[in-house]
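Examining the three-dimensional arrangement
Single-letter residue listing:
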Amino acid sequence: MFVVMAVEATEAELNAVRSIVLEEGLTPHENRGGERVVIAILGEAGARLERLADRLGALPAVESVTRTTRPFKLASREFHAEDTIVRVGDVAIGDGSFTLMAGPCAVESREQLFETADAVKAAGATILRGGAFKPRTSPYSFQGLGLAGLRFLAEARERTGLPVVTEVMEPGQVEHVAEYADILQIGARNMQNYSLLMGVGRTGRPVLLKRGLSGTIEEWLMAAEYVLSSGNPNVILCERGIRTFETYTRNTLDLAAVPLLHQLTHLPVVVDPSHATGKRWLVKPLAVGAAAVGADGILVEVHPRPDEALSDGEQSLTLAQFAELAAAVRPIHEAVRAQGRADVLAPSVLRVGGDKH
Ligand code: PEP
Ligand code: MN
């Protein structure tokens, strides 16, 4: 349930709403939008909902009380109509620009990282990616350099000025990784690791939340809700392909998720065409597709010598290929931006399911 306050509502009137909600053992969570305050009521109201809605609706400073059947509240457009812009240093994600995040799958050495960082920066990337702790399907595969990798990332940031995004795999690692990283990445395999989500939520540091291998959009938004409700509004969603019956590609990129999410949520959405396809030659066409459907940016794996990469070489672009990709997506993004984003649809249009045939 959301309580929309009148434009002229005073602090005392807001307090009246807060105390009624707290009296019921529920939690008020506010969004101070451009004009008015919207208060989301979090918690299970159960049978009390009706009476509570009537009571709040009767207050003079309350303009309307809206019910929502969606399980995600803080992530929803109903709660937060304006787009969230996540700021990392001088970079803004979700402000209408197209953010290029690029770098190796795994940090392998200082030289490999520096060479890649210099090249992706020259091609227009504004965020450097690189895994120090790698979630590998096989325990025998390269697991990442760990702490040494984090240190190289921090050095690469010093050198290039690019903020860095890197994955944190366990709740116990969060503080440590947050000392080095500008954006904390939650990997697909950890999308529903709730203690990890709450851990990164408590840091307040921007979070790049990958979609789980079999995560529905609603489950993904509920994962975002864990971060948001832990006090961290800086969540970037990353579509990286989902598991389907198809085997020619590593995953199936769900591009429909991008405009759909822009309707359902205020959070920025980026696309990872590298893990989505697993194939180098498919990365550019899908990056172009991501720009065409209105993504806020892309996350791309790049390696100076992909054939020697210790992880995900097959899907990693060479430095020259990344420069080509960057040049290809720019005009597409400009054209889409000139058209403007679609108006937000009524919630009834955005029901789960829909016609099957
Ligand atoms: C990665 O970005 O290197 C990664 C492991 O991605 P995902 O969690 O999407 O598989
Ligand atoms: Mn990878």
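Just above, that's the structure.
What you see is a predicted model, and the numbers here were worked out from it, not measured in a lab.

Attention now goes to helix α6 (residues 194–203). Burial in α6 covers these residues: Leu196, Leu197, Gly199, Val200 and Gly201. Those residues of α6 that are buried are in contact with α5 (174–180), β10 (183–186), β11 (207–210) and α7 (217–229). Downstream of α6 by a residue or two, Gly204 has a phi angle that is positive, lying close to 75°.

For the structure shown, the criterion picks out 27 salt bridges. The partner of Glu239 in a salt bridge is Arg211, and the shortest N-O contact between them spans 2.8 Å. Remark: Arg211 occurs in the loop between β11 and α7 and Glu239 occurs in strand β12 (residues 235–239); sequence separation between them is 28 residues. The same class applies to Glu239 as to Arg211, namely buried. In this structure, the salt-bridge partner of Glu308 is Arg305, at a minimum N-O distance of 3.6 Å. Classification of Arg305 as partly exposed rests on a relative accessible area of 37%.

Another point: the site of ligand 1. Inspection of the region around ligand 1 gives 13 residues, with Arg129, Lys134, Ala188, Lys210 and Arg240 positioned closest. Contacts to ligand 1 include Arg189, whose side-chain N or O atom sits 2.9 Å from an oxygen atom. At a separation of 3.4 Å, an oxygen atom of ligand 1 approaches a polar side-chain atom of Glu301. Contact with the protein chains removes 97% of the 300 Å² of surface that ligand 1 exposes when unbound. In the shell around ligand 1, the residues fall into 3 nonpolar, 3 polar and 7 charged.

All right, on to the environment of Ile298 then. Turning to its location among the elements, Ile298 is positioned in strand β14 (residues 297–301). When its relative accessible area of 0% is taken as the criterion, Ile298 is described as buried. Along the chain, Ile298 and Thr99 lie 199 residues apart, while their C-alpha atoms are 6.4 Å from each other. Ignoring any residue separated from it by four or fewer positions in sequence, one finds Ile298 in contact with Phe98, Thr99, Leu100, Met101, Val270, Val271, Pro273, Ala287, Ala290 and Leu325.

Calculation notes
- Residues numbered from 1 in each chain as written.
- Chains lettered and ligands numbered in written order.
- Predicted model: local features only at pLDDT ≥ 70, side-chain atom pairs only at ≥ 80, totals over all residues.
- Heavy atoms only, no water.
- Buried < 20%, exposed > 50% of the residue type's maximum accessible area, 1.4 Å probe, protein only.
- Helix = DSSP H or I, 4+ residues; strand = E, 2+ residues; numbered from the N terminus.
- Contact = heavy atoms within 4.5 Å.
- Salt bridge = Lys/Arg side-chain N within 4 Å of Asp/Glu carboxyl O.
- Near = heavy atom within 4 Å.
- Polar contact = N/O pair within 3.5 Å; in protein donor to acceptor, adjacent residues only side chain to side chain.
- Areas by Shrake-Rupley, 256 points an atom, 1.4 Å probe, with all protein chains shown as cover.
- Nonpolar A, V, L, I, M, F, W, Y, C, P; charged D, E, K, R; others polar.

Everything listed here is a matter of coordinates, which is why it stays silent on function.
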